[in-house]
Amino acid sequence: MRRRLNNGKGLFLLWLNWVMATTAISLVVVLSLWVKAIWMPFVAFGLELVLFVLVRRNREAELPVCYLVPFITTRILFWTGVVMFVVNLLYSEWLIDKVFDPDTINQEIPFITILIMAPVTVVVTAWVLWRGSRLNFCQDCRMRHGMPAERGFLGVIFTQESISQTKMLLQLSIIITVASWTYYAVAYVNSDLNHPDHFVFIFVPIFLLVAGAGYVGFKLASVWKFYEQNVDTITPQRGTFTMLRYILLYDNYVGVRAPITAPDKVLDPHDCKFDTPIAITLPHRENMSLYEAQTMFRQMTEVEGVDIRFMYSTTSCNADCNIFHYLCYLNEEQKQQLMDQNSGLQFYPLRDLQQMIDHHVISPLMAAEIHRLYTIAMAWKTYTRDGRRRYPIKNYQPTFRIRDAHKWDVDYNDSQWFYVSINNQDQPFYAIRRFWRKYINGIGD
């Protein structure tokens, strides 16, 4: 029941985020009817601050929601305010006569809000979609809360729906930009705002944004219905549960089982992809000792003496389960025992695994584990925890060998290494980025 409630709450909050974001945009448009143009930039900055606080609070939530659309809206409000401020500056008494022909302007209406806000929205949303997963906001979310697959049902939905909502915001803003600027060029008279002007510049944009909220709500309601009828019913566990996953390493190879084929059985989507062959599902546990994990592995496989070490845990941000991940270092005999038990088990080098990940035939959860193993190990081998080079050679990258992994004293549970992998002494503006992250962005080291 708790799992269903958390997943349902996540979908509702995802819709609420769209409502909050579009309400902030609509408020700027509507308030321009009564607020003087000189004060409108401060209205935009004020609403941006409100959304910024909500985005920051979400980062510390037990089950954070994807706040990509509210984040985009903070940028829209900021740049809208900046453009408004510049236009007001150009209309100031000491500049207006030098910039504009007094016979062609109306000093009482220096700008029409939607003519600024809609193009800014187009530019910002297009930029976000172009950046994609490289967007710093999304990278920070993955570093804090894990990859989408590690966050269960909601993680996947958040990723897909955030992109969908961003695309819809772009499409709506393009329609509004074209309609409003076409009307402005063809029919607008620069004397005052009459009823047709209000209809095009205010009513139409708000109507489209409200219709968008209705569409998003209907879409997410359909997702919830699908979850109840399919995802929740094929999951054998009821309520939250705990999963133990064992990554098999032998020499420079990683053990992977072939996809499961069972025509007469409804399978979990992950079973239809290559994955780790050993995963155990238990009733929910807050903690799992290494001794218990070793014992369960031995009981399941009947293989003795395997060197099993804790890798990392996914204990929050997942409404379905918490996951404990372990690295298992095998010798030749142990590897052969496991292959005899499981005819679908094969061992692949990292190069082949990367190709399988690129072709989306590896389960997303295992892809996340391999990504963490490689990224954190390489960051740890190359840089100190604060991002400084371990070797006095710019852009030097040590060799990565799976066979050496058991010698490394690296904490895969420390997400700081993800940050180091993308912001280090070999990256431009390293000192400025580090200062921003520590003292302004509020993440800290």
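Residues numbered from 1 in each chain as written. Predicted model: local features only at pLDDT ≥ 70, side-chain atom pairs only at ≥ 80, totals over all residues. Heavy atoms only, no water.

Draft legend 1. Examining the packing of helix α3 (residues 68–90) against helix α5 (residues 113–131) more closely. At a closest axis distance of 9 Å, the pairing of α3 and α5 adopts a crossing angle of 135°. Taken together, α3 and α5 sit at an angle that is classed as oblique. Viewed along their axes, α3 and α5 form a crossing whose handedness is right-handed. Residues Leu68, Ile72, Arg75, Ile76, Leu77, Trp79, Thr80, Val83, Met84 and Val87 of α3 form the contact with α5, whose own contacting residues are Thr113, Ile116, Met117, Val120, Thr121, Val124, Thr125 and Val128. A class-by-class count of the residues in the contact of α3 with α5 yields 13 nonpolar, 4 polar and 1 charged. (Axes fitted to C-alpha atoms, helices over the stretch in contact; angles between N-to-C directions. Helix = DSSP H or I, 4+ residues; strand = E, 2+ residues; numbered from the N terminus. Parallel < 35°, antiparallel > 145°, perpendicular 65-115°, else oblique. Left-handed = near helix turned anticlockwise from the far one by under 90°. Contact = heavy atoms within 4.5 Å. Nonpolar A, V, L, I, M, F, W, Y, C, P; charged D, E, K, R; others polar.)

Draft legend 2. Molecular detail of the side chain of Asn424. Mapped onto the elements of the fold, Asn424 is located in the loop between α13 (416–422) and α14 (430–440). For Asn424, a relative accessible area of 1% gives the class buried. From its side chain, Asn424 meets the backbone oxygen of Ser421 in a polar contact 3.4 Å long. (Buried < 20%, exposed > 50% of the residue type's maximum accessible area, 1.4 Å probe, protein only. Polar contact = N/O pair within 3.5 Å; in protein donor to acceptor, adjacent residues only side chain to side chain.)

Draft legend 3. Summary view of the confidence of the model for the protein chain. Of the residues in the protein chain, 88% reach a pLDDT of 70 or more, and the chain-wide mean stands at 86. Looking across the protein chain, the model is least confident in helix α4 (residues 96–99), with a mean pLDDT of 64, and most confident in α5, with 96. (pLDDT = per-residue confidence, 0-100.)

Draft legend 4. Inspection of the packing of aromatic side chains at higher detail. Enumeration over the complete set of coordinates arrives at 18 aromatic pairs. Plain terms: the ring middles of Tyr188 and Phe201 are 5.9 Å apart, the flat faces sit at 70° to each other, and that makes the pair edge-to-face. With Tyr188 in the loop between α7 (152–186) and α8 (195–234) and Phe201 in helix α8, this residue pair connects regions lying 13 residues apart in the sequence. Comparing Tyr188 with Phe201, the two get one shared label, buried. Aromatic pair Tyr246 and Tyr326: ring centres 5.5 Å apart, planes at 25°, arrangement stacked. Separated by 80 residues along the polypeptide, Tyr246 in strand β1 (residues 241–250) and Tyr326 in strand β5 (residues 321–329) bring together distant segments of the chain. You can call Tyr246 buried: its relative accessible area is 0%. Aromatic ring contacts, followed pair by pair, group Trp181, Tyr183, Tyr184, Tyr188 and Phe201 into a single cluster. (Phe/Tyr/Trp six-rings, centres within 6.5 Å; stacked < 30°, edge-to-face > 60°.)

Draft legend 5. Representation of the pattern of salt bridges. On inspection of all chains with the given rule, the structure shows 14 salt bridges. Across the pair Arg285 and Glu292 runs a salt bridge whose closest N-O atoms are separated by 2.8 Å. In this structure Glu292 comes out as partly exposed when scored by relative accessible area, which is 27%. (Salt bridge = Lys/Arg side-chain N within 4 Å of Asp/Glu carboxyl O.)

Draft legend 6. Structural view of the nonpolar core. Counting 59 residues, the largest nonpolar core has Trp18, Leu68, Ile72, Ile76, Ile114 and Phe201 as the members making the most contacts within it. In contact with Ile72, other than residues within four places in its own chain, are Val124, Thr125, Val128, Thr166 and Leu169. Tyr312, Ile370, Trp417 and Val420 belong to the second-largest nonpolar core, a separate cluster that totals 32 residues. (Core = buried A, V, L, I, M, F, W, Y, C linked by side-chain atoms within 4.5 Å.)

Draft legend 7. A look at the pairing of β5. The buried fraction of β5 is high, at 9 of 9 residues. Residues of β5 alternate between two faces, with Cys321, Ile323, His325, Leu327 and Tyr329 on one and Asn322, Phe324, Tyr326 and Cys328 on the opposite face, all of them buried. As paired strands, β1 and β5 are joined by 9 bridges and run parallel to one another. Bridge pairing in β5 places Leu244 opposite Phe324. (Pairing = 2+ DSSP bridges.)

Draft legend 8. The arrangement of helix α6 (residues 136–145) in detail. Those residues of α6 that sit buried are Cys138, Gln139, Asp140, Met143 and His145. Of the residues trailing α6, Gly146 is marked for its positive phi of about 95°.

Draft legend 9. A look at the pairing of β1. Within β1, 10 of the 10 residues are buried, leaving the element largely enclosed by the surrounding structure. Of the two faces of β1, the one lined by Phe241, Met243, Arg245, Ile247 and Leu249 and the one lined by Thr242, Leu244, Tyr246, Leu248 and Tyr250 are each fully buried. Two strands pair when backbone bridges link them, and β1 and strand β3 (residues 278–283) are joined in this way by 6 bridges, in the antiparallel orientation. Bridging across to β3, Phe241 finds its partner in Pro283. Sheet topology places β1 next to strand β2 (residues 253–257); 2 bridges connect them, and they run antiparallel. Bridge pairing links Tyr250 to Tyr253 in β2.

Draft legend 10. Highlighting the packing of α5 against α7. Two numbers describe how α5 lies on α7: the axes approach to 8 Å, and their chain directions differ by 150°. Where α5 crosses over α7, the handedness of that crossing is left-handed. Two secondary-structure elements touch here, α5 through Ile114, Leu115, Ala118, Pro119, Thr121, Val122, Thr125, Ala126, Val128 and Leu129 and α7 through Ile163, Thr166, Lys167, Leu169, Leu170, Ser173, Ile174, Ile176, Thr177, Ser180, Trp181 and Tyr184. Classifying every residue of the contact of α5 with α7 gives 15 nonpolar, 6 polar and 1 charged.

Draft legend 11. Here's a closer look at unusual backbone geometry. For Glu302, which is not glycine, the phi torsion reads 60° and is therefore positive. With respect to the element layout, Glu302 can be found in the loop between α9 (290–301) and β4 (307–314). One non-glycine residue with positive phi stands out, namely His360, at about 60°. Considering the arrangement of structural elements, one finds His360 in the loop between α11 (350–358) and α12 (364–382). Under the relative-accessibility criterion, His360 is labelled exposed at 59%.

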